[in-house]
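Fold and contact review
Chain by chain, the residues run as shown.
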Amino acid sequence: MDKLTAAEIKARLKNLDGWTYDNGSICKSFVFKDFKEAFSMMTHIAFVAEQQNHHPNWENVYNQLTIKLNTHDVGGITQNDFDLANAIEQIVAKG
């Protein structure tokens, strides 16, 4: 998997509402109704991440989930990160 350039990352981020590029990762924070809903989303995301063999860096504080994606093997952002970000968006949208 090839590392994306800054221009490629910027272009792809236009298709991901609320995602940003920060310190070598694409990132987004989600806010849910409560801890149970946030943890449920994390569980759904974990199964998809495992299927893709691409695992997020994330932090959960009560009802907030912050996700950071990058590809450690290449030291940057790849299409894998955008594939997982799109899958996360679909999971969250389904609620």
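Just above sits the structure.
Structure report, in brief. (Residues numbered from 1 in each chain as written. Predicted model: local features only at pLDDT ≥ 70, side-chain atom pairs only at ≥ 80, totals over all residues. Heavy atoms only, no water.)

1. Remarks on the pairing of strand E3 (residues 57–61)
Using the following cut-off: The pairing criterion for strands is at least two bridges between them, as found by DSSP. Every helix listed is a DSSP run of H or I at least four residues long, and every strand listed is a run of E at least two residues long, numbered separately from the N terminus.
Alignment of E3 against strand E4 (residues 64–69), held across five bridges, turns out to be antiparallel. Each bridged residue has a counterpart across the sheet, and for Glu 59 the counterpart in E4 is Thr 66. Where E3 folds back onto E4 in an antiparallel hairpin, the turn is made up of two residues, including Tyr 62, whose phi is positive at roughly 50 degrees.

2. Points about the pattern of salt bridges
The test is simple: A side-chain nitrogen of Lys or Arg and a carboxyl oxygen of Asp or Glu constitute a salt bridge if their distance falls within 4 Å. Relative accessibility thresholds used throughout: buried, under 20% of the residue-type maximum; exposed, over 50%; partly exposed, between the two (1.4 Å probe, protein chains only).
In total, this model carries one salt bridge according to the counting rule given. Close ionic contact of Lys 28 with Glu 89 constitutes a salt bridge, the shortest N to O distance being 2.8 Å. Highlighted residues: Lys 28 in strand E2 (residues 25–31) and Glu 89 in helix H3 (residues 79–94), separated in sequence by 61 residues. Residue class for Lys 28 comes out buried when judged on its relative accessible area of 13%. Overall, Glu 89 belongs to the partly exposed group, its relative accessible area being 22%.

3. Brief notes about the side chain of Asn 70
Short version of the rule: We define a polar contact as two N or O atoms separated by no more than 3.5 Å, with the added condition that, inside protein, one atom must be a possible hydrogen donor and the other a possible acceptor, whereas residues neighbouring each other in sequence contribute only through side-chain atom pairs.
Checked against the element boundaries, Asn 70 lands in the loop between E4 and H3. Owing to a relative accessible area of 14%, Asn 70 belongs among the buried residues under this scheme. A distance of 2.8 Å separates the side chain of Asn 70 from the side chain of Ser 25, its partner in a polar contact. Separated by 3.4 Å, the side chains of Asn 70 and His 72 make a polar contact.

4. Examining the packing of aromatic side chains
Let me state the cut-off plainly: Geometry of aromatic contacts follows a simple scheme: Phe, Tyr and Trp rings, the Trp one being its six-membered ring, pair when their centres are within 6.5 Å, and the pair is stacked under 30 degrees between planes, edge-to-face over 60, tilted otherwise.
Considering all chains together, one arrives at three aromatic pairs under this definition. With a centroid separation of 6.3 Å and 20 degrees between ring planes, the pair formed by Phe 30 and Phe 32 is classed as stacked. With respect to burial, Phe 30 and Phe 32 carry one shared label: buried. Taken together through their ring pairs, the aromatic side chains of Trp 19, Phe 30 and Phe 32 make up a single cluster.

5. Examining unusual backbone geometry
In this structure, Asn 23 takes a positive phi of about 50 degrees despite not being glycine. Considering the arrangement of structural elements, one finds Asn 23 in the loop between strand E1 (20–22) and E2. Accessibility expressed as a relative area gives 78% for Asn 23, which makes it exposed. One non-glycine residue with positive phi stands out, namely Asn 53, at about 50 degrees. Take Asn 53: it is sitting in the loop between helix H2 (35–52) and E3. We classify Asn 53 as exposed; its relative accessible area is 59%.

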